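Inside the fold
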Amino acid sequence: MTKYAEVIGHPISHSKSPLIHRFWLNQMGLVGDYRAQDVLPEDLNGYFRDRALDPVWRGCNITIPHKIAALEYVTDPGDVRGSIGAINTVFRGDGGVLVGTNTDAGGFYGPIADMPLAGETAIVIGAGGAARAVLFALAQADIGDVILLARNGLKAAGLLAHFGLKGQVLPLDARLPDAALLVNASPLGMKGKEALEIDLAPLPDHALVYDLVYAPIETLLLKQARARALEVVDGLEMLVGQAAIAFELFFGVAPPDDGENNLRELLLK
């Protein structure tokens, strides 16, 4: 019986997580597998109940729309509920208990760790589970103001308060303010979702545009940013970063640092 992990969500066919984890398993010569599993919201309880009984299941990554709801079905020793408020990874802990954690924050922050964000203004689009991880990371980086663009103003305002961030909430179609960083933490622009239509003209020339969407890799937002000659970070950066943390939780060993170029080429096919 081969140990395995998987990624769950709805939809899930766009996920590149199986490619990443299988690449590392093959590179390291480990016996194991990583799968994609489409799970409807109403089936989430049953999913975790069944997997908890499967001795070779090592855990799962979690994507839209389960990052908050999954907290109800796992233990939370790190108080992710009280800090980020959403999980993206569940792994089997001591005694087989299912443990929830969040590797998104670390995966998001890695590519911009050297960026001087203290006191700067950031714009974040979205107010879901991914946005929670982004806001948590920005709070740790001592960001100045955060402008949160979201459909649900009350929910977005609650997030700013939860993370102790200064700033304001604006509608999605608002004119952008001056900011050093813009992050799309929403599914807008993802294949099969609504397009993200936004005017980047107000951003200064030194701004960085970071799109968490990775299907497609070259989103309309990134194309617009490149046309402005702005620095960009695409969704693969965060995807691979958070996957590396999860891989070690699932299979007990960190993935190797070499082979990143080969992995990126594989993901871009």
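The present account deals with the structure reproduced in this document. (Residues numbered from 1 in each chain as written. Predicted model: local features only at pLDDT ≥ 70, side-chain atom pairs only at ≥ 80, totals over all residues. Heavy atoms only, no water.)

**Observations regarding the sheet that holds strand β11 (residues 231-233)**
Let me state the cut-off plainly: At least two bridges found by DSSP between two strands is the condition for calling them paired. Under the scheme used here, helices are H or I runs from DSSP no shorter than 4 residues and strands are E runs no shorter than 2 residues, and both carry numbers assigned from the N terminus. Note on definitions: angles span 0 to 180 degrees between N-to-C directions of axes, and those axes are lines fitted to C-alpha atoms, for helices only across the stretch in contact. Contact definition: two residues touch when any of their heavy atoms are within 4.5 Å.
Across the sheet, which stays open at both edges, the six strands sit in the order β8-β7-β6-β9-β10-β11 with parallel pairing between neighbours. This sheet does not close on itself; its edge strands, each paired only once, are β8 (166-170) and β11. This sheet shows a mean twist of 15 degrees between the axes of neighbouring strands, independent of strand direction. Seen against the sheet, helix α5 (residues 153-162) touches β7 (145-149) and β8 and runs at an angle of roughly 170 degrees to β8.

**A word on the packing of aromatic side chains**
Filter applied, for reference: Between the rings of Phe, Tyr and Trp (Trp by its six-membered ring), a pair exists once the centres lie within 6.5 Å; its type follows the angle of the planes, with under 30 degrees stacked, over 60 edge-to-face, and the other angles tilted. Burial classification: accessible surface area is computed with a 1.4 Å probe over protein chains only, and a residue below 20% of its type maximum counts as buried, one above 50% as exposed, and the rest as partly exposed.
By the definition in use, this model includes eight aromatic pairs. Ring plane angle 75 degrees and centroid distance 5.1 Å describe the contact between tyrosine 47 and phenylalanine 48, whose orientation is recorded as edge-to-face. Looking at tyrosine 47, the relative accessible area reads 5%, which means it is buried. By relative accessible area, phenylalanine 48 is classed as buried at 3%. Among the aromatic side chains, those forming a connected cluster through ring pairs are Trp24, Tyr34, Phe247, Phe250 and Phe251.

**Considering helix α4 (residues 129-140)**
Inclusion rule: One less than the number of residues in a helix, times 1.5 Å, gives the span that helix is expected to have.
The end-to-end C-alpha separation of α4 is 17 Å, in line with the 16 Å expected for twelve residues at 1.5 Å each. Burial analysis of α4 places nine of its twelve residues in the buried class, which makes it a mostly covered element. Within α4, the full set of buried residues consists of Gly129, Ala130, Ala131, Arg132, Ala133, Val134, Leu135, Ala137 and Leu138. Tucked inside the fold, the buried residues of α4 contact α3 (104-109), β6 (122-125), β7, α5 and β9 (181-184). Directly after α4, the chain includes aspartate 142, whose backbone phi takes a positive value near 60 degrees.

**Things to note about the packing of helix α1 (residues 17-28) against helix α8 (residues 260-268)**
Threshold: Crossings are assigned a handedness: left-handed for a near helix turned anticlockwise from the far helix by less than a right angle, right-handed for a clockwise turn. When residue character is reported, Ala, Val, Leu, Ile, Met, Phe, Trp, Tyr, Cys and Pro are called nonpolar, Asp, Glu, Lys and Arg charged, and the others, Gly included, polar.
With their axes 10 Å apart at the nearest point, α1 and α8 run at an angle of 145 degrees to one another. Both α1 and α8 take part in a crossing whose hand is right-handed. From α1, Leu19, Ile20, Phe23 and Trp24 reach across to α8, where they touch Asn262, Leu263, Leu266 and Leu267. Taken together, the residues of the contact of α1 with α8 sort by class into seven nonpolar, one polar and no charged.

**A few points about the pairing of strand β10 (residues 208-211)**
Defined as follows: Handedness of a crossover is defined as follows: orient the strands so they point away from the viewer, and if the path from the first strand over the helix to the second runs clockwise, the crossover is right-handed.
Every second residue of β10 is oriented toward a common face, with Leu208 and Tyr210 on one face and Val209 and Asp211 on the other, all of them buried. Handedness of the crossover is the feature at issue here: the chain leaves β10, passes through helix α6 (residues 220-227), returns alongside β11, and the resulting connection is right-handed.

**Some details on the pairing of β9**
Alternating residues of β9 divide into Leu181 and Val183 and Leu182 and Asn184, and every residue in both groups is buried. Relative to β9, β6 runs parallel, the two being bridged by four bridges. In the strand pairing of β9, isoleucine 125 is matched with asparagine 184. The sheet contact formed by β9 and β10 spans four bridges and is parallel. Along β10, the bridge assignment pairs leucine 181 with leucine 208.

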